[in-house]
Amino acid sequence: MAEYLIKNGHVFDPVQHIKGDKKDIAIKDGKIVETSALSPAAKQIDAKGKSVMAGAMEIHAHVAGPKVNLGRWYRPEDKLFDSHKTPGMTRIEGGKSIPTVFKTGYEYARMGYTFAMEAAMPPLYARHVHEEIHDTPIIDEAALPVFGNNWFMLEYLKNHEIENNAAYVAWTLNQTKGYGIKIVNPGGTEAWAWGLNCLSVNDPVPYFDITPAEIITGLIETNEYLGLPHSIHIHGNNLGNPGCYQTTLDTLKLAEGFKAKNNFGRKQVMHQTHLQFHAYGGDNWGNFESKAKEVMDYVNKQDNLTIDTGNVTLDETTTMTADGPFEHHLGGLNHLKWANVDVELETAAGVVPYIYSPDIKVCAIQWAIGLELALYAKDPMRCFITTDHPNAGPFTRYPRVIKWLMSKKARDERLNTFKHTDKVIAATTLAEIDREITLYELAAMTRAGPATSLGLSKDYGGLKPGMNADIAIYNINPDKMPSDPEEIEKAFSGVACLFKDGKICVKDGIVVDNGNKRTFWVDVKVKPNKQVAHDVKEKFLKYYSVNEANYSVPDSYAPHPYVIAVDATQ
Amino acid sequence: MKTVTLTVKQAPELYLECENITPDTFAGKKADEIAQLPAYQGKEDTTLGEYFTIAGEAGATAAETQIILKGDCSKMKYIGIKMTAGEVIVNSSTDMYTGGWMKGGKLVVKGDVHSFCGLGMEGGEFLIEGNAGNYLGASYRGDWRGMQGGIIRVKGNVGSDVCTFMNGGELIVEGNADVHIATHAEGGRIVIKGDVNRRVGGQMVKGEVIVFGKIGLMMPGFKYIKDVDLEVDGTKARFAEHIGDLGERHPTRKGEPVYGKIFLKK
């Protein structure tokens, strides 16, 4: 394989605490190596006046699987006037908020991303998820199966059977080629089958007679019993409602007293996703306000938590989540269209188009909350930037979110041109925040941080010799930061150069190689468990619409796997 | 106002996508520049110059530009799409999407138009001297933004699914209409001088449909309220006012629910 030497670039790497110093980065056989290990034949890449970072890692996005595809089916208008072929080797790209798999891969790569986590995989439809992952070029991907409303889990955790629940989780990760434990509206989606919901962590789930709090702590214990690379990944109860920050604090407090047990360098026991949707005060849409400070004050104190922001980008988008009751509620608010999928014993999903209009007060406040969260974060290694794609906005808007975070001027320009600017300023604290995220902090929030949270910090998220050669070079010079914030957005929209596994995949914003895409999944070994084996067999006989043998994802669905082995038999 | 005349020199074998035939794209261009504008035929890239002889030149802005099309344009799609000002006159029939998402100016088709014309129209004037196909003034497939503003006048008949998801503006049909009129409408006004087949105002939230002729069968979600005298498009007459669709949600204004209305000439 080719050898490269990236010369004279300003390196930003939180792993080695390099804050923009000029340093050469050497690549050999897909890995970063010491410069002395290169042969004289190594190709030189001049990165003078540019910034060099590890490939960015997306920790939470809905980019593959049945609900994404449901969005594509029922929103043909999302591709209206937006199905294009750019010159070069790429295939046709289409869609704005629910792009085709090809566009998904290309766009992430153009922005310097090399990994994306599909945030909610219904185990029953795991094959579909892996088919789409396989068809997404360049970027590595993994998927989190959803467990928060699963019948097996509800029955085991009701009786606090952690060992059985762990055996079931291990079996499911193996069957679905999944990465970790995702929880969406714990208990609430199941309660919705009875026409109810769980709006606090103490609302009992009908029939199963378990509370969201018991589900969450039970799954934390399960996760740490198994020692998975990632912690539980939670979208809590009561998302998106005025006053929901109380439920959020109650949810976060459940992690108190738990310590991470794993061999992957992960420190947190709970990852709270798209916190923006969970940081609302007020008790109706009229007095709706930001509680970002209250929530972040708590997160900053507790070092066993990580979060991602879920920034609203003020676009027309498509919301989609396994929180079925929420989508039904949202469909009733905006009267556009609503679709729902029920996934047998496991979960459900809803899809509703949504327009975050700068002329609507609530949308503008949501925009401000997302930015406040990142700006209040004391430890950028525990706060990651997402748009909960496509829920708060398409991931293709990351450069714009970065612009707002890095430039107070850009933020103020946006804040002062809303239709209800005064009300937005009164309901938030964004106008008082002077902080501008630095390139070093950005590297932590988009690279080293997510890699550590996902348990991938050994090989990803940094530029240390020995790590994987996923490297992005941006046209931004830290010595001469542009005075025009638009230049920041432009620089992060198209990388000067992207290496994926030591191969150049994007050059000057143009895709030049489809890379060696891999599917990450976690294979956990547990002690044989007769009880769980019996339960699985029984549930398939009694309830599932498929046979147990037709449930698992065959190896051919993930032909380029990166399997992380975990031994939980000790 | 300056005039550009496009005369068809060869009919396309498939269909020609003419989204560049608008005063907005032509503005500030000379005949030879207009001839170079791209157009698709199937998957092939071609130019307007391949299919049209182009004479005259465009004005400096869209508002100062008039486009006249001569010859058979019945296999030309997207003429006048998204135009904001100026004038387009087509001396023949046209294919789908004519006048889609129009924002202003005037578009005249002296023959028939096919389906999906005037989709999501926001403003301006669209005159069809012949008949129109289905989905006139409706929303794009899947979208909820049908006709928002402007006026469409059809001298002949219209097909089915006219003004689905209409939110504003006005459609006047001097002939008859087929099934599904103003489905899901949340505003706007439709006048039909002739007869309508059936299914008028299904899931209608707001808006008005005025029918001079007969409705084959009134939807069960509509209820007769009272007789009213109206002047519609220059004609004074007495109409039976119906409200509905009673099975659909309805917004309230000053405590009173707002309904969709069908006025049927007595």
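Residues numbered from 1 in each chain as written. Chains lettered and ligands numbered in written order. Predicted model: local features only at pLDDT ≥ 70, side-chain atom pairs only at ≥ 80, totals over all residues.

## Observations concerning unusual backbone geometry
The test is simple: Numbering of helices and strands runs from the N terminus, with a helix taken as a DSSP run of H or I at least four residues long and a strand as a DSSP run of E at least two residues long.
Omega for the peptide link from His 389 of chain A to Pro 390 of chain A comes to -5°, which places this bond in the cis form. Within the fold, Pro 390 of chain A resides in the loop between β22 (383–384) and α12 (398–406). Asp 245 of chain B follows Gly 244 of chain B through a cis peptide bond whose omega is -15°. Look at Phe 81 of chain A: it is not a glycine, yet its phi comes out positive at around 60°.

## Some points on the domain arrangement of chain A
Often, the extent of an interface is quoted as the loss of accessible area upon association of its parts. Residues and elements named next belong to chain A. Inclusion rule: By convention here, the domain bounds are inherited from an automatic or database domain assignment. By definition, residue pairs are in contact when their C-beta atoms, positioned from the backbone, come within 7 Å. Each residue receives one of three labels: charged for Asp, Glu, Lys and Arg, nonpolar for Ala, Val, Leu, Ile, Met, Phe, Trp, Tyr, Cys and Pro, and polar for the others, Gly being one of them.
Here chain A is described as being made up of domain 1 (3–53 + 459–511) and domain 2 (54–453). One C-alpha centre belongs to domain 1, the other to domain 2, and the line joining them spans 29 Å. Taken residue by residue, the interface counts 31 residues in domain 1 and 34 residues in domain 2. Of all the secondary-structure elements, those providing two or more residues to the side of domain 1 that touches domain 2 are β2 (10–13), β3 (18–22), β7 (51–54), β23 (471–474), α16 (485–493), β24 (497–500), β25 (503–507) and β26 (510–511). Per-element accounting of the side of domain 1 that touches domain 2 gives the leading share, five residues, to α16. The residue makeup of the side of domain 1 that touches domain 2, split by class, is 19 nonpolar, seven polar and five charged.

## Some thoughts on the packing of helix α5 (residues 162–176) of chain A against helix α17 (residues 530–542) of chain A
All names here are of chain A. Under the convention used in this document: Axes, fitted as lines to C-alpha atoms, cover a helix only where it is in contact. Angles between the N-to-C directions of the axes lie from 0 to 180 degrees. An angle below 35 degrees is treated as roughly parallel, one above 145 as roughly antiparallel, one from 65 to 115 as roughly perpendicular, and anything else as oblique. Left-handed describes a crossing in which the near helix is turned anticlockwise from the far one by less than a right angle; the clockwise case is right-handed.
Following both chains from N to C, one finds α5 and α17 inclined at 60°, their axes separated by 9 Å at the closest point. Our classification of the angle between α5 and α17 gives oblique. In terms of crossing hand, the pair formed by α5 and α17 is right-handed. Across the interface between the two elements, Asn 164, Ala 167, Tyr 168 and Trp 171 from α5 touch Gln 531, Val 532 and Val 536 from α17. For the contact of α5 with α17, a count of residues per class yields five nonpolar, two polar and no charged.

## Examining the sheet that holds strand β4 (residues 44–47) of chain B
Residues and elements named next belong to chain B. Stated formally: Here, any two strands with at least 2 DSSP bridges between them count as paired.
The strand order β4-β3-β2-β7 describes an open sheet built from four strands, whose pairing is mixed. The strands lining the two open edges of the sheet, one partner per strand, are β4 and β7 (76–77). In the sheet, strand β2 (residues 16–17) pairs with β7 via two bridges, with the strands oriented parallel. Residue pairing for β7: Leu 16 is matched across the bridge by Met 76.

## Quick look at helix α8 (residues 245–253) of chain A
Since one α-helical turn is 3.6 residues long, residues separated by three or four positions face the same way. All names here are of chain A. Heads up, the condition is: Around each residue's C-beta, the other C-beta atoms within 10 Å are counted; 20 or more make the residue buried, 12 or fewer make it exposed, and counts in between make it partly exposed. All C-beta atoms are placed from the backbone. Note that the arc is computed from the directions linking the helix axis to the C-beta atoms.
Among all positions in α8, only Tyr 245, Thr 247, Thr 248, Thr 251 and Leu 252 are buried. Buried positions in α8, seen along its axis, are confined to an arc of 155° and lie on one side of it. The inward-facing, buried residues of α8 contact α7 (212–226), β14 (232–235), β15 (270–272), β16 (280–281), α9 (292–301) and β18 (305–308).

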